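Structural overview for review
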Amino acid sequence: MESASMTLVLAIILMVLKLCSSQSAAKEIAPTQPNPPVTENYLAPTDDVLSRDVAPDFTYAVWDGDGKICILAKFSTSFKITYPSIGGEEHISVNVPEDAKVKGRCGNFDREPLLELSWSGFRLFMVFTIANPKENQDTWELLSMELLYDTKNPLFDGATNVGKKTVRTLEDGLFKTQYGKSYFCPSPDVIPMYGSDKEKVVLARMKDVHLQVYDVQMGKFSPFQRCSLVRIGGLPEPFAQDETVPIAVGSTLAVMAVLVVIGYALWRNLSARKTDYDYME
């Protein structure tokens, strides 16, 4: 009986050892799972970002649906606004900030380009057009400029005509420029702007104006057409022209005059010597 029990125990022990050894072998044979690969995700550039024109520094730009610049402007402008107040007529000066919000509309021969600048309490609209397209005159110009503001703004201290105001230009042909070129002027004429009653309310003073509203290539200004006058101290003066040719002509004339004087002096000297020699004989 005891021998049978011992045999049973030994059989159980052998079965347990065999089972453990088989599991250990299975673990050694089974392949280990590698660590998951490390992946890096990069933001893939899109075609529309790559093709979008980059505007030059300190410019106001308008893009078309393809990311191409169609309007490019660079200028500084101040508006002298006259308004009635409790104490009488008052004036304030407002400057267009460099960080003004820009909106616009690209133009073609059927639609006028529009540039809109907005900042705290003010909106400026500049509409351009092709001059006499039916006559095939390839020039563009400023059609109108409008300024919108509200005299509720604290800047208009003591204003009596509180409310929204719109003033616009009445002069035609401003900034007239050959198609395909940009317009440049260091100091254009002061531009008057009028209210609904045709009374002059605002004076716009622009400086270092550089504009192009048609045929902008690669987001850059084309060769410019420059205005012929600038203002110095409020008086129109001719713009400084290239003085190379006048200086060259003047220098040549001066040299010729000196040579004539030297030649005349030598001739007088020789003539005097000959006269003295003849007298001695």
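So, a few notes on the structure that sits alongside this text. Please read these numbers as outputs of a predicted model, since none were measured by experiment.

**Observations regarding the packing of aromatic side chains**
In this structure the tally under the stated criterion is ten aromatic pairs. Between tyrosine 83 and phenylalanine 156, the ring centres sit 5.2 Å apart and the planes meet at 80°, which makes this aromatic pair edge-to-face. Here tyrosine 83 is found in strand β2 (residues 69-85), whereas its partner phenylalanine 156 is found in the loop between β7 (139-150) and β8 (164-168), with 73 residues between them in sequence. Residue classification places phenylalanine 156 among the buried positions, given a relative accessible area of 4%. Note on tyrosine 179 and tyrosine 214: the rings are 5.5 Å apart at their centroids and 40° apart in plane angle, and the pair reads as tilted. Taken together, the positions of tyrosine 179 in the loop between β9 (174-178) and β10 (182-185) and tyrosine 214 in the loop between β12 (200-212) and β13 (224-226) put the pair 35 residues apart, joining distant regions of the chain. An aromatic cluster is defined as three or more aromatic residues linked by ring pairs; in this entry it consists of Tyr83, Trp119, Phe122, Tyr149 and Phe156. Note that arginine 52 overlies the ring of tryptophan 63, its terminal NZ or CZ placed 4.1 Å from the centroid.

**Examining the state of the cysteines**
All told, the structure shown has two disulfides when counted by the stated rule. With a sulfur-sulfur separation of 1.9 Å, cysteine 70 is cross-linked through a disulfide to cysteine 106. Across the disulfide from cysteine 70 to cysteine 106, rotation about the S-S bond amounts to roughly -75°, and the bridge is consequently left-handed. With cysteine 70 in strand β2 and cysteine 106 in the loop between β4 (101-105) and β5 (114-119), this pair connects stretches of sequence that are 36 residues apart. Residue cysteine 70 shares its accessibility class with cysteine 106, and that shared class is buried. In this model cysteine 185 forms its disulfide with cysteine 227; the gap between the sulfur atoms is 2.0 Å. Across the disulfide from cysteine 185 to cysteine 227, rotation about the S-S bond amounts to roughly 80°, and the bridge is consequently right-handed. Linking cysteine 185 in strand β10 with cysteine 227 in the loop between β13 and β14 (229-232), this pair joins segments that are 42 residues apart in sequence. Judged on exposure class, the residue cysteine 185 and its partner cysteine 227 are both buried.

Conventions and cut-offs
Residues numbered from 1 in each chain as written. Predicted model: local features only at pLDDT ≥ 70, side-chain atom pairs only at ≥ 80, totals over all residues. Heavy atoms only, no water. Phe/Tyr/Trp six-rings, centres within 6.5 Å; stacked < 30°, edge-to-face > 60°. Helix = DSSP H or I, 4+ residues; strand = E, 2+ residues; numbered from the N terminus. Buried < 20%, exposed > 50% of the residue type's maximum accessible area, 1.4 Å probe, protein only. Lys NZ or Arg CZ within 6 Å of the ring centre and 35° of its normal. Disulfide = S-S within 2.5 Å.

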